[in-house]
Amino acid sequence: KSKEEQQKGSFQRLVEVGRLVLINSGEYAGKLAIIVEIIDHNRVIPRFIKGTSEFIFVKSIIQFVVNLTLNLQALIDGPTTGVARHAYTFRRMTLTDFVVKGFPRGATSKILKKYLEKEDVLAKWDKSSWAKKLDDRKKRSVLTDFDRFKLLKLKKQRRFIVQSEIASLRKAK
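So, how was this worked out
Residues numbered from 1 in each chain as written. Predicted model: local features only at pLDDT ≥ 70, side-chain atom pairs only at ≥ 80, totals over all residues. Heavy atoms only, no water. UniProt positions renumbered as here; feature names shortened; annotations may be inferred. Helix = DSSP H or I, 4+ residues; strand = E, 2+ residues; numbered from the N terminus. Buried < 20%, exposed > 50% of the residue type's maximum accessible area, 1.4 Å probe, protein only. Contact = heavy atoms within 4.5 Å. Areas by Shrake-Rupley, 256 points an atom, 1.4 Å probe, with all protein chains shown as cover. 1 Å grid on protein atoms, 1.4 Å probe; cavity = no way out; pocket = protein on both sides within 12 Å on 5 of 7 lines; lining within 4 Å. Points joined across faces, edges and corners; volume = space filled by probe spheres on them. Nonpolar A, V, L, I, M, F, W, Y, C, P; charged D, E, K, R; others polar. pLDDT = per-residue confidence, 0-100. Core = buried A, V, L, I, M, F, W, Y, C linked by side-chain atoms within 4.5 Å. Pairing = 2+ DSSP bridges.

The chain carries the name Ribosomal protein L14-domain-containing protein in an unreviewed UniProt entry, which gives Rhizophagus irregularis as its organism. Recorded under Sequence similarities (unreviewed entry), the UniProt text for the chain is reproduced unchanged: "Belongs to the eukaryotic ribosomal protein eL14 family."

As structure tokens, this is what we get:
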């Protein structure tokens, strides 16, 4: 392994500006967006007043740790996918393998659109097996009972053809 691979560690998808994310829940579930800015967690650090008891201090530290693990956020935007620019928690989105190279922090939607067209990230996403699987799931979810029955019959026909060809090839040997 090279030094870069060793330093990278076991994580393949790191949170970074320009990373394409798939939103899991909420109003924009199933849509794609780009991380524009990683919101600083320091704003949830509680303020300590001089002379407060240790109990309040410990309670505040516990709240900080809980907030830090549950509410890590990023500013996301998807001008071409219909996602409005807003803060979103990491637990409600999934990081993908695609990154917009050289994307500046906090860029506007107009700049993001230019970078998306230049890098053609959404076309790369559409070609990925993950996107194809999601598309297949969506197609299957709208099938009626009769459509599922027709699909079953077609799969049986295909299986019969494939198995008969395999059998004829075995006999030929």
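Novice: Please clarify how the overall build of the chain should be interpreted in this entry.
Specialist: If you tally the helices and strands in the chain, you get six helices and five strands. Counting from the amino terminus, helix and strand elements in the chain follow one another as α-β-β-α-β-β-β-α-α-α-α. Within the chain, buried positions represent 24% of all 173 residues. The long-range fraction of contacts in the chain, counting pairs at least 24 apart against all pairs at least 6 apart in sequence, stands at 58%. In the structure as shown, the chain presents an accessible area of about 13,100 Å², 56% of it carried by carbon and sulfur atoms.

Novice: Is there a simple way to explain the layout of surface pockets in this structure?
Specialist: Gaps between atoms show up when a probe of the same size as a water molecule is rolled over them. Roughly 300 Å³ of volume is contained in the largest pocket. Contributing to the lining of the largest pocket are Leu22, Ala29, Gly30, Leu32, Trp125, Asp126, Ala131, Lys132, Leu134, Asp135 and Lys138. Looking at the lining of the largest pocket, the elements that each hand over two or more residues are α4 (121–127) and α5 (129–141). With five residues, the top contributor of residues to the lining of the largest pocket is α5. Looking at the lining of the largest pocket, its residues break down into six nonpolar, one polar and four charged.

Novice: Would you take a moment to explain unusual backbone geometry for this structure?
Specialist: Trans peptide bonds make up most of the peptide bonds, and negative phi angles are found at most residues other than glycine. If you check the backbone angles, Asp120 has positive phi at about 60 degrees while not being a glycine. Here Asp120 lies in the loop between α3 (109–119) and α4.

Novice: How should I be thinking about the confidence of the model for the chain in this particular structure?
Specialist: The predicted structure's coordinates, where accompanied by low pLDDT, should not be read in detail. With 75% of its residues at a pLDDT of 70 or more, the chain shows a mean pLDDT of 80. Per-element mean pLDDT across the chain ranges from 49 in helix α2 (residues 54–70) up to 96 in helix α6 (residues 145–172). Within the model, the stretch residues 42–60 combines pLDDT values under 50 with nine contacts to residues more than four positions away or in other chains.

Novice: Teacher, can you tell me more about the nonpolar core here?
Specialist: The tendency in soluble globular proteins is for nonpolar side chains to be buried side by side. Formed by 15 residues in total, the largest nonpolar core has its most connected members in Leu20 and Phe103. The biggest single contributor to this core is strand β2 (residues 32–38), with three residues. Aside from chain neighbours lying at most four places away, what touches Phe103 is Val17, Gly18, Ile35, Val36, Leu112 and Tyr115. Of all hydrophobic cores here, the second largest spans 12 residues; its members include Ala74, Phe90, Met93 and Leu95.

Novice: What is the right way to read the pairing of strand β4 (residues 83–89) from this model?
Specialist: Regular strands place their side chains on alternate faces of the sheet. Relative to β4, strand β3 (residues 73–78) runs antiparallel, the two being bridged by five bridges. Residue pairing for β4: Ala74 is matched across the bridge by Tyr88. Hairpin connection between β3 and β4: a loop of four residues separates the two successive antiparallel strands, and Gly82 in this loop has a positive phi of roughly 90 degrees.

Novice: Would you explain the pairing of β2 in this entry?
Specialist: The buried count for β2 comes to five of seven residues, which makes it a mostly enclosed element. Bridge count for strand β1 (residues 19–23) against β2 is three bridges, and the pairing is antiparallel. Note that in β2 the partner of Val21 across the bridge is Ala33. Where β2 and β3 come together, four bridges link them in antiparallel fashion. Paired with Glu37 across the bridge in β3 is Leu75.

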